[in-house]
Every structure is written in C-alpha cells, then in structure tokens.
Amino acid sequence: MGCRISIGAINAALICGNPPKDRLGALTGFWDRVTSRLSTAPMLAAPFSRMFYGEAAAMNVMATGVPGFFKPRWPAAFFPISAHPAISVYDTSPLRETLLEFVDFDYLNAKGPRLSVGTVDVETANFAYFDSARMEIKPEHIMASGALPPGFPPVEIDGHFYWDGGLVSNTPLQFVMDNLGSADPALIFQIDLFSARDAVPATMLDVGQREKDIRYSSRTRLTTDRYRQLHDLRMAANRLAARLPKELKDDPDLKTLQATGPDCPITLVELIHRKQSFEGGAKDYEFSRLSMTQHWNEGHEDVEVTLNHKTWKARKIGQDGLQVFDLGAAETTSKGKSK
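The present account deals with the structure reproduced in this document. (Residues numbered from 1 in each chain as written. Predicted model: local features only at pLDDT ≥ 70, side-chain atom pairs only at ≥ 80, totals over all residues. Heavy atoms only, no water.)

## Concerning the side chain of S6
And then number 1: Checked against the element boundaries, S6 lands in the loop between β1 (2-5) and α1 (7-16).
And then number 2: Exposure remark for S6: the relative accessible area of 18% places this residue in the buried category.
And then number 3: Polar contacts involving the side chain of S6 include one to the side chain of D164, which spans 2.7 Å.
And then number 4: Once you skip the residues sitting within four places of it in the chain, S6 turns out to touch S145, G146 and D164. (Helix = DSSP H or I, 4+ residues; strand = E, 2+ residues; numbered from the N terminus. Buried < 20%, exposed > 50% of the residue type's maximum accessible area, 1.4 Å probe, protein only. Polar contact = N/O pair within 3.5 Å; in protein donor to acceptor, adjacent residues only side chain to side chain. Contact = heavy atoms within 4.5 Å.)

Here is the structure:
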C-alpha cells in the first residue's frame with residue numbers, strides 16, 4: 001500500500017502507476033523534467049555559496065515556475081481587484097499532462113499497488129482520502145493532494161474543492177494505521193522531509209527553515225505517540241481480560257478497550273531528511289537538479305544505513321505493540337551533522 005500527501009502523492013503515483021520494471025524510469029523522467037530549468041550547477045563546496053545557489057534557484061522557481069509542473073498566473077494573481085481575480089499564484093495545468101505521460105492510470109487502478117492520497121476539503125476543512133481500493137484514481141486526485149495554497153489552486157472533484165492534505169497533517173500515518181485490515185504483522189516505512197529536531201536558528205534563513213520543520217513534523221510525532229499509547233492500552237486490556245472471571249470477559253467496556261488501536265504488531269521505520277548546512281526557508285520549493293540529485297543520494301544512503309544497522313537486523317519480527325526505528329539519526333550524529 002502506498003499512502004502519501006503533497007509531493008509524496010506524486011512520487012507514490014509514479015511508483016504505483018507503473019509496473020516494477022518501469023518505476024525507476026518514471027521517477028527519473030518526472031524529476032528530470034521538473035528540474036530541467038536548473039539542470040547545470042557550478043561546483044559549490046562552501047556552505048555559503050551552496051546556500052546562495054539554492055536561494056537563487058528558489059527565486060527562479062517563484063518567477064518562472066517549474067517545467068511540466070506549474071507556471072505563473074500573469075498578471076491575474078497580482079491584481080486581486082479585477083473582474084476575474086485569481087485564487088492562486090500559479091497554474092498547475094501542466095502537471096496534469098505530465099502525470100498522464102509518466103503514470104499509467106489504467107495499470108494503477110487495475111493492477112498496481114493500493115494507492116491512497118490525502119487532501120482537505122476547502123469548504124468543510126475535513127480530511128479526505130482518495131483510495132484506489134475504493135474508487136478510480138485520476139490525475140485530479142494526485143493534483144488535489146499537492147494543491148498547497150496560496151501557490152496552487154484548489155482542485156475540483158465531483159463538485160467539491162480540495163487543497164493539499166498537508167494543511168491538516170503532513171503525514172498519512174493515521175490513515176495507514178486505521179486501514180491495515182489484518183492481524184498479520186505490518187511493516188510501515190515513513191518518509192519525512194521535515195525533521196523535528198535541530199538547533200536554534202542563527203540567521204533569518206534558518207528561521208524560515210526551522211519554522212517549516214516544526215509545523216510539518218509536529219503531527220508526525222503526535223500520531224506516532226498516539227498509536228504507541230493505543231497499542232499499550234490494548235495490550236493492558238488483554239492482560240486484564242485474562243485475569244477476569246468468565247462472567248466479566250464479555251463486558252462491553254472491556255471489549256471497547258480491547259478494540260483500541262490496530263489489531264496487529266507494527267514495525268514503523270522512519271526515514272527522515274535532516275537539514276543540510278546550505279538549506280534555508282525556501283527548501284520546499286527549490287527545484288534545482290543539484291538538490292534533487294543530492295536528496296536522492298541522501299535517501300539511498302539512509303535506507304542502506306537503516307537496513308544494515310545491527311539494531312534493525314536484531315529486531316523481533318511480529319513483536320506485539322509498536323516498534324519504531326529511526327536508525328539514520330544515529331548515523332548522521334556520528335558524522336557530525338544535525339540530528
């Protein structure tokens with residue numbers, strides 16, 4: 001099952017919407033397309049120079065948009081008092097064509113892994129998930145999950161308008177936990193682009209970056225802590241039930257407690273991008289080829305560290321409760337980077 005929100009919904013669609021042999025090509029093709037405008041970068045070793053390049057790349061995106069993704073609404077977005085005012089700075093219609101090129105939606109809906117993408121209803125503020133197990137997924141569903149205002153417009157689906165689900169929660173962990181549907185042990189990989197831990201900001205660029213990290217990572221920690229507590233409560237109720245006399249084992253209150261949380265052991269692996277020295281407040285819309293390649297390499301390294309870590313190899317598969325592994329943190333600490 002692939003379950004994502006925002007830019008993750010696009011990556012998940014590229015994976016779930018292609019046969020295994022075509023998935024890497026689809027991912028590479030999409031990201032080559034959207035980073036093509038800044039595909040060549042100088043060799044920038046000094047952190048200040050690298051930060052300057054990143055901020056310049058982000059300014060380029062703000063002014064010109066991203067190929068195959070979004071383009072500025074000139075001049076409507078900058079003249080709010082007009083006959084036809086815009087409700088977003090950018091037009092995301094190019095993304096629809098790019099998704100149709102790189103995602104096989106027939107395969108996704110008929111043969112692909114289950115895909116769920118999170119959005120929020122603009123009018124009700126309710127979280128909404130579009131799930132391929134329950135409906136046909138179209139490009140609009142993927143676009144809605146990444147429609148972050150005020151940059152991107154809401155996407156209309158069946159008469160309702162949807163924005164990026166990250167406005168409510170940047171992680172779909174709760175939806176995954178609530179829809180496991182089996183007592184078999186579950187393994188969940190959670191990829192997070194925003195780290196909860198970092199130093200006090202030293203510059204205004206650091207302030208913007210840190211503010212976004214805190215805002216987007218808080219729900220991840222809240223959801224993880226909540227389900228750990230629910231698992232503990234369920235196990236406590238089961239232990240209590242084993243000691244109760246027979247006439248109390250069917251008590252409705254006890255049954256409610258025993259139904260708390262998922263009915264299976266869960267292993268949660270966290271793969272968290274941790275701030276690099278050159279990143280600032282614009283890191284979430286910096287679409288240079290240099291940064292894209294660097295993020296891919298860092299992600300590959302984090303996976304290798306995690307899956308080869310002695311703690312991961314010594315884990316107890318099927319152990320009741322919620323096991324959480326954030327093994328990349330120890331590695332980045334040993335290298336002198338931020339946690």
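And the narrative resumes.
## Description of empty space enclosed by the protein
And then number 1: One pass over the full model with this rule turns up two cavities of 30 Å³ or more.
And then number 2: Roughly 90 Å³ of volume is contained in the largest cavity.
And then number 3: Along the walls of the largest cavity sit M51, G54, E55, F278, E279, G280, A282, K283, E286, S291 and H295, which together make up its complete lining.
And then number 4: Within the residue set of the lining of the largest cavity, elements represented by two or more residues are α3 (47-64) and α10 (289-307).
And then number 5: Per element, the largest residue contribution to the lining of the largest cavity is three residues, and it comes from α3.
And then number 6: When the residues that make up the lining of the largest cavity are grouped by side-chain class, the tally is three nonpolar, four polar and four charged.
And then number 7: As for the second largest cavity, its lining consists of 10 residues, of which V34, R37, V61, P67 and F287 are closest to the centre.
And then number 8: Residue classes in the lining of the second largest cavity are distributed as six nonpolar, three polar and one charged. (1 Å grid on protein atoms, 1.4 Å probe; cavity = no way out; pocket = protein on both sides within 12 Å on 5 of 7 lines; lining within 4 Å. Points joined across faces, edges and corners; volume = space filled by probe spheres on them. Nonpolar A, V, L, I, M, F, W, Y, C, P; charged D, E, K, R; others polar.)

## Examining the environment of M204
And then number 1: Topologically, M204 is positioned in helix α8 (residues 204-243).
And then number 2: Its relative accessible area of 69% is what places M204 among the exposed residues.

## Brief notes about the packing of helix α2 (residues 23-34) against helix α4 (residues 93-102)
And then number 1: Running from amino to carboxyl end, α2 crosses α4 at an angle of 155°, the nearest separation of the two axes being 10 Å. Regarding the angle of α2 to α4, the classification is roughly antiparallel. In this structure, α2 crosses over α4, and the sense of that crossing is right-handed. Together, A26, G29, F30 and R33 of α2 and L95, T98, E101 and F102 of α4 make up the contact between the two elements. (Axes fitted to C-alpha atoms, helices over the stretch in contact; angles between N-to-C directions. Parallel < 35°, antiparallel > 145°, perpendicular 65-115°, else oblique. Left-handed = near helix turned anticlockwise from the far one by under 90°.)

## Some details on the packing of aromatic side chains
And then number 1: Counted under the stated rule, the structure contains 13 aromatic pairs.
And then number 2: Centroid distance F69 to F287: 5.8 Å. Interplanar angle 90°. Geometry classified as edge-to-face. Within this pair, whereas F69 is found in the loop between α3 and β2 (71-72), its partner F287 is found in the loop between β9 (266-272) and α10, the two being separated by 218 residues in sequence.
And then number 3: Every member of this aromatic cluster is reached through a ring pair, and the members are F30, W31, F69, F70, Y90, F152 and F287.
And then number 4: In this arrangement the basic side chain of R226 is found over the ring face of Y227, its NZ or CZ atom lying 5.0 Å from the centre.
And then number 5: Positioned above the aromatic ring of W312, the side-chain terminus of R315 is 3.7 Å from the ring centre. (Phe/Tyr/Trp six-rings, centres within 6.5 Å; stacked < 30°, edge-to-face > 60°. Lys NZ or Arg CZ within 6 Å of the ring centre and 35° of its normal.)

## Looking at the sheet that holds strand β10 (residues 322-325)
And then number 1: Spatial ordering of the open sheet is given by β8-β9-β10, a layout of three strands whose pairing is parallel. One side of each edge strand has no neighbouring strand; the edge strands of this open sheet are β8 (186-192) and β10. Pairs of neighbouring strands in the sheet enclose a mean axial angle of 20°, with direction left out of account.
And then number 2: Sheet topology note: the β8/β9 ladder contains seven bridges and is parallel. In the strand pairing of β9, I191 is matched with L271.
And then number 3: Packed on one face of the sheet, α10 meets β8 and β9 and runs near 145° to β9. (Pairing = 2+ DSSP bridges.)

## What about the side chain of N18?
And then number 1: Following the sequence through the fold, N18 ends up in the loop between α1 and α2.
And then number 2: Setting aside residues no more than four positions away along its own chain, N18 makes contact with R23, A26, F102, V103, D104 and Y107.

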